[in-house]
2 protein chains.
Amino acid sequence: MRDRVDPSGSCRTKTCSRCSLSRICLPVSLDEADIGTLGRLIEHQPTLRRGEALFNEGDGFRALYAVRAGSLKSFTTTASGEQQVTGFHLPGELVALNAINRWEHPGSAVALETTSVCELPFEKLEDLAADIPDLQRQLLRLMSQEIADDQDMLFTMARRNADERLAILLLSFSERFRQRGLSGTRFRLSMARSDLGNYLGLAPETMSRVFRRFQDQGWIRAEGREVELLSVEALAELAA
Amino acid sequence: MRDRVDPSGSCRTKTCSRCSLSRICLPVSLDEADIGTLGRLIEHQPTLRRGEALFNEGDGFRALYAVRAGSLKSFTTTASGEQQVTGFHLPGELVALNAINRWEHPGSAVALETTSVCELPFEKLEDLAADIPDLQRQLLRLMSQEIADDQDMLFTMARRNADERLAILLLSFSERFRQRGLSGTRFRLSMARSDLGNYLGLAPETMSRVFRRFQDQGWIRAEGREVELLSVEALAELAA
DNA sequence: CGAGAGTTTGAAGCGCATCAATGTCTGTGG
DNA sequence: CCACAGACATTGATGCGCTTCAAACTCTCG
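Residues numbered from 1 in each chain as written. Chains lettered and ligands numbered in written order. Predicted model: local features only at pLDDT ≥ 70, side-chain atom pairs only at ≥ 80, totals over all residues. Heavy atoms only, no water.

**Q** Explain the sheet that holds strand S1 (residues 47-48) of chain B here, please?
**A** Residues and elements named next belong to chain B. Spatial strand order, S1-S8-S3-S6: four strands in an open sheet with antiparallel pairing. One side of each edge strand has no neighbouring strand; the edge strands of this open sheet are S1 and strand S6 (94-95). One ladder, built from two bridges, connects S1 with strand S8 (residues 115-121); its direction is antiparallel. Within S8, the residue paired with Leu 48 across the bridge is Thr 115. Those strands touched by helix H2 (residues 122-131) are strand S3 (63-69) and S8, and its axis lies near 60° from that of S8. (Pairing = 2+ DSSP bridges. Helix = DSSP H or I, 4+ residues; strand = E, 2+ residues; numbered from the N terminus. Contact = heavy atoms within 4.5 Å. Axes fitted to C-alpha atoms, helices over the stretch in contact; angles between N-to-C directions.)

**Q** What is the right way to read the protein's contact with DNA strand C from this model?
**A** Lining the immediate surroundings of DNA strand C are 15 residues, of which Ala 162, Thr 206 and Arg 209 of chain A together with Ser 208 and Arg 212 of chain B lie closest. Between DNA strand C and the protein, one listed contact pairs a phosphate oxygen with a backbone N or O atom of Gly 201 of chain A at 3.3 Å. With respect to DNA strand C, the side chain of Ser 208 of chain B contributes an N or O atom lying 2.9 Å from a phosphate oxygen. For the surface near DNA strand C, the secondary structure elements donating two or more residues are helix H6 (204-216) of chain A together with helix H5 (193-200) and helix H6 (204-216) of chain B. Among the elements that make up the surface near DNA strand C, the one with the highest residue count is H6 of chain B (four residues). (Near = heavy atom within 4 Å. Polar contact = N/O pair within 3.5 Å; in protein donor to acceptor, adjacent residues only side chain to side chain.)

**Q** Can you walk me through the relation of the copies chain B and chain A in this structure?
**A** Superposition of the two copies of the chain requires a rotation about an axis and a shift along the axis. Superposing chain B onto chain A takes a rotation of 180° plus a shift of 0.0 Å along the axis, which leaves an RMSD of 0.0 Å. These values place the two chain copies in the arrangement generated by a two-fold rotation axis. No C-alpha of chain B lies nearer the rotation axis than that of Ala 130 of chain B, which sits 2.3 Å from it. Most of the interface of chain B is mirrored in chain A, where 100% of its interface residues are also at the interface. (Least-squares fit on C-alpha atoms with pLDDT ≥ 70 in both.)

**Q** Whenever I open this one, the nonpolar core confuses me. Can you help?
**A** Among soluble globular proteins, nonpolar side chains are generally buried collectively. In terms of nonpolar packing, the biggest core is built from 78 residues, with Leu 64 of chain A together with Leu 64 of chain B touching the most fellow members. Listed in part, the 73 residues of the second largest apolar core include Val 110, Leu 166 and Leu 169 of chain A together with Tyr 199 of chain B. (Core = buried A, V, L, I, M, F, W, Y, C linked by side-chain atoms within 4.5 Å. Buried < 20%, exposed > 50% of the residue type's maximum accessible area, 1.4 Å probe, protein only.)

**Q** What is the right way to look at the interface of chain B and chain A in this model?
**A** Think of interface size as the accessible area that goes away when the parts come together; that is how it is often given. The partner chain A presents 40 residues to the 40 residues of chain B that form the contact. Taking both partners together, chain B and chain A bury about 3,900 Å²; carbon and sulfur atoms supply 56% of that area. Here chain B and chain A share two salt bridges between them. The shortest N-O distance in the salt bridge between Arg 137 of chain B and Glu 126 of chain A comes to 2.4 Å. Connecting chain B to chain A are 22 residue pairs in polar contact (both at pLDDT 80 or more). Top element by residues in the side of chain B that touches chain A is helix H3 (residues 133-159) of chain B. It accounts for 19 residues. Across the side of chain B that touches chain A, the residue classes tally to 17 nonpolar, 14 polar and nine charged. (Buried area = accessible area lost by both parts, 1.4 Å probe. Salt bridge = Lys/Arg side-chain N within 4 Å of Asp/Glu carboxyl O. Nonpolar A, V, L, I, M, F, W, Y, C, P; charged D, E, K, R; others polar.)

This is the structure we're talking about:
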């Protein structure tokens, strides 16, 4: 049996060494000793209820956050009050990478369910990265990947229709759940349809219609927030 | 008189110390000595003609590039041959930040006019960043800003109509030219309308129509690739 | 000067947003 | 445990903004 990553709760101590997420989180590629050092950096591991904010747009930036369990959405808000969802964050993923330059959060992050995170004070993380080459490299890699992913998303928004966008998103979640040792074909989306739609630049009504179309085609089964992918191939063809 | 950055040609030597772009490029916030060290990293300063590629999608990643003079566009290509422009790069800006993780370029970069760049071998840059805390910080800041900018662009694509998109783009260029000591109200766009449109997720015909609308409103004057902003206020209001 | 790329303009159609109404879930207090 | 409120989801009808197609025009540069 393949190694499994327990996505909820097996990292109860303020250390990375015994955290089941260490293979997909920041410590990836660090050796034992360095993982220990990194773990000692963590000062707080706040737990948030559904709807609670990890930070708000405009807040001062002090730390990066690694999701330990649960999930978050990031979003910006316009003057007129509308929201734009910029991303969803699953266990092992880093939040606030966009806040480093201005030393201020350009958007908010809110828990989509009961969620706990590891707080990584950024100045200390920087100091540590200067001492541990592998950590520096990993930080740069994660940020580089975030840039590549965002640019991919730009392409999706610019050139794909509603069906293709949803197919791409479903496959993205599938892959991310799989990496975390969960099923890649059956999972629970913790966010509302309207959040998914907002992220994809589509109205909630359109989301609903596309979900229906996919079900009518027999490609997925969706009951509320539970989703089952019945034909990954069909979705992949749409996404191609 | 304000300091001016000569955007073309005043950095003829393989050093950052005497480069007029050092105040907006990677060396920002480094001291004299460190700037010298950084400059010694530069091995090549290739010059590209219009249409020549700096690198192609799928090429191995070895170095970051800083634009010295001229301009580039980044883009990805689909299986079916269509292009998606992911960015335009002006002097002082870094190219290939999206290639670090996979050690491979996820897109191509092509010169929009005669363009020269400084090649920064990445592994050496990493080593140097570990020695020079300010350099490490600057690298992380630049990448963080790129993430924030891309996410901003995502918002633009998801929620803005054609007029608003063009207004936002024109103001972005205006600001970037201004930072480089050039006029923020009169400048030459080195890329085709179709590239601008592609970047904004709009058809070339739509670009043409929006340009016309802006001119009819008296907000801009456009003759070919020369653009003059007549009412920054009107554009800013659209972009708000 | 000529050719090909880039631009403009008009006409038609389609995809998605919007509006409106109904239906369904979730969690809370009686 | 049930009833209810409020958020969320679904479905249909309509309209608008953009794409697409087509054709003429105009740069640019070899």
